[in-house]
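Breakdown of the fold
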Amino acid sequence: KAGIPLSVMKVLDPRQLKPDSTETERILTVFDETIVKLEITRLIPRIIGSLERFARMLGPEITSSLLELQKLSVEIQDLLAGPGDEERRRAVEQCLKCSLRNTLRLFLANPLLYHGLKYEVWVRESAADVFIKAFKEFRDFTLERLLTSPDEEKEKIQFMEDISLRIEKNTETISALQAELEAAIQTRDEEVNSKDKKIENLKTSMENLAKECKADILQITKEGEKQQKEDEKASQDRCARLEQDVLHLRAQFKALVLEHRASELVLRKKRCKTERETEKWVQKYDTDMAEKQATYEEVEAVYNEEKAQLALLMEKHALLLQEYTEIEEERRMLKEKAEEAAREAARRNDAATYIQAFWKGYLVRSIYKSKLKKGKGKGKGRGK
């Protein structure tokens, strides 16, 4: 792909071709609408066969159009099956074409319905599918021809010629490689044959070696049997010694068992004595605990009674404390009132003292002034 020109890539891959003129778009639109009409036409027989199932989806207008199309199809089949009026057949064919065009127009007006039926209706593969596929290829070919310029066409031809030359060169290279491969295969076969001969020779030498080794094997077998007998004798002697050791160990085991049984008896006696003492201490503990429990219950009863009395006393104390607080508050208020009255009396006394002093000063000043006036009058009379 790196060596292929972009224009040639566009020609070789129709998916990269895009319309570049209004005429081309119109032609493609006609092709696409024709493909859709062909696909709808392929679905119509199956839809008519299950019209009750799809009637609700299709609607009354399309359903009536399909019924009319079915009626005309049956009529044209009857006319084609037997000899009849040629003009009548042509008239029915014309009506059938008109009805089909009307039905296709209704389907094209509702593309969602067509896409829904496309996935709902199952149709077996038939010649119509082959024709639709061929028509789509014709559409791509036409698009390619419409969008391919003369220069691009020349590039395509030149590219195809280059491809042909490359194919010829590759063919020659493949032929040479095949010759080399055959020579290599022949060489390998010769090597395999030589290796097979070597293997046969080795097998023969191994058979001869096996025959030669039989005598050695017999001698080794005899020596092995002799060694086995000696080992068996030594093993028997060792077993005898081991049996003696086992008897000795059994005697020691019995002695140890007797010794351990005696010590076990002593320990059992000690354990029984300990259990009796433990039971005695447990009984004593139970008796002491019962007495302490009775004492505890008596003390608890006294404690509960005193606790109830304490609660009553606390309630009385709370009431007395409240009354004491109220009395103290009354005393404080009375004390404050008395202090306020004392302060008021002191202020009044001070005010009275101040007023009396002011009045006394006023009287003294009045008397002093009157005396001064009398003295001045006497002096004036003497001067005259």
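Here is a short report on the structure shown in this document. Values in this document were obtained by computation on a predicted structure and should not be read as measured data. (Residues numbered from 1 in each chain as written. Predicted model: local features only at pLDDT ≥ 70, side-chain atom pairs only at ≥ 80, totals over all residues. Heavy atoms only, no water.)

Each helix and strand counted, the chain has eight helices and zero strands in total. Helices and strands in the chain line up, N terminus first, as α-α-α-α-α-α-α-α. Counting across all 384 residues of the chain, residues that qualify as buried make up 13%. Summarising the internal contacts of the chain: among those between residues at least 6 apart in sequence, 71% fall at separations of at least 24. Put simply, the chain shows about 32700 Å² of open surface, and 58% of that area lies on carbon and sulfur atoms. (Helix = DSSP H or I, 4+ residues; strand = E, 2+ residues; numbered from the N terminus. Buried < 20%, exposed > 50% of the residue type's maximum accessible area, 1.4 Å probe, protein only. Contact = heavy atoms within 4.5 Å. Areas by Shrake-Rupley, 256 points an atom, 1.4 Å probe, with all protein chains shown as cover.)

Once that is clear, we can look at the nonpolar core. General note: in soluble globular proteins, nonpolar side chains tend to be found buried as a group. Counting 20 residues, the largest nonpolar core has I44, I47, L58, I62, L66, F107 and L117 as its most contacted members. Sorting the residues of this core by element identifies α2 (22–49), α3 (51–58), α4 (60–81), α5 (86–109) and α6 (111–120) as the ones contributing at least two each. For F107, the contacting residues outside a window of four places in its chain are I40, I47, L58, I62, L66, L113 and L117. (Core = buried A, V, L, I, M, F, W, Y, C linked by side-chain atoms within 4.5 Å.)

Between α2 and α5, the shortest axis-to-axis distance is 10 Å and the interhelical angle comes to 105 degrees. Taken as axis vectors, α2 and α5 run roughly perpendicular relative to one another. In this structure, α2 contributes V36, K37, I40, T41, I44 and I47 to the contact, and α5 contributes L100, T103, L104, F107 and L108. Of the residues contributing to the contact of α2 with α5, the split by class is eight nonpolar, two polar and one charged. (Axes fitted to C-alpha atoms, helices over the stretch in contact; angles between N-to-C directions. Parallel < 35°, antiparallel > 145°, perpendicular 65-115°, else oblique. Nonpolar A, V, L, I, M, F, W, Y, C, P; charged D, E, K, R; others polar.)

Taken as a whole and assessed by the stated rule, the structure comprises five aromatic pairs. Taking the centre distance of 5.6 Å and the plane angle of 65 degrees together, the rings of F31 and F138 count as edge-to-face. Remark: F138 occurs in helix α7 (residues 127–147) and F31 occurs in helix α2; sequence separation between them is 107 residues. Residues F135 and F138 carry aromatic rings whose centres are separated by 6.3 Å and whose planes lie at 50 degrees to one another, so their mutual orientation is tilted. With F135 and F138 both in helix α7, this residue pair falls three residues apart, about one helical turn. Since its relative accessible area comes to 43%, F138 is described here as partly exposed. (Phe/Tyr/Trp six-rings, centres within 6.5 Å; stacked < 30°, edge-to-face > 60°.)

To continue, consider the pattern of salt bridges. In this structure the tally under the stated criterion is 12 salt bridges. Put simply, R332 and E336 hold a salt bridge, and the shortest N to O gap is 2.5 Å. Of this pair, R332 and E336 both sit in helix α8 (residues 150–383), four residues apart, which is roughly one turn of that helix. The exposure class assigned to E336 is partly exposed, which follows from its relative accessible area of 39%. Residue R348 is joined to E344 by a salt bridge in which the shortest nitrogen-to-oxygen separation is 3.7 Å. (Salt bridge = Lys/Arg side-chain N within 4 Å of Asp/Glu carboxyl O.)

In this section: α4. The terminal C-alpha atoms of α4 lie 32 Å apart, and with 22 residues this matches the ideal 32 Å at 1.5 Å per residue to within 8%. Among the residues of α4, those classed as buried are I62, T63, S65, L66, L69, L72 and I76. (Expected span 1.5 Å × (residues − 1).)

This brings us to the side chain of R139. By secondary structure assignment, the location of R139 is in helix α7. Here R139 falls in the buried class, since its relative accessible area comes to 18%. Those residues in contact with R139 that sit more than four places away from it in its chain are L28, F31, D32 and I35.

For the rest of this paragraph, the subject is a positive patch on the surface. On the surface, a cluster of positive charge is made up of K37, K97, R101 and R105. Here the positive patch takes three residues from α5, the largest share from any one element. Structurally, R101 is set in helix α5. (Patch = residues over 30% accessible without salt bridge, like charges linked within 9 Å, V, L, I, M, F, W, Y side chains within 5 Å. Lys, Arg positive; Asp, Glu negative; His and termini not counted. Charge placed at Lys NZ, Arg CZ, Asp CG, Glu CD.)

This part takes up a nonpolar patch on the surface. Together, F358, W359, Y362, L363 and I367 make up an exposed nonpolar region whose accessible area comes to about 540 Å². Along the chain, the position of I367 falls in helix α8.

Turning our attention to α2. Here α2 spans 41 Å end to end across 28 residues, near enough to the 40 Å set by a 1.5 Å rise per residue. Its maximal kink placed at L43, α2 deviates by approximately 30 degrees, while the proline P45 follows within four residues. Among all positions of α2, only T24, L28, F31, I35, E39, I40, L43, I44, I47 and I48 are buried. (Bend = angle between axes of the 7 residues up to and from the residue.)

Turning next to the packing of α3 against α4. Following both chains from N to C, one finds α3 and α4 inclined at 140 degrees, their axes separated by 8 Å at the closest point. By the angle class used here, α3 and α4 are oblique. Only I62, T63, L66 and L67 of α4 make contact with α3, whose side of the interface consists of L51, A55 and L58.

Along the chain, T142 falls in helix α7. A polar contact of 2.7 Å, which involves the side chain of T142, links it to the backbone oxygen of F138. (Polar contact = N/O pair within 3.5 Å; in protein donor to acceptor, adjacent residues only side chain to side chain.)

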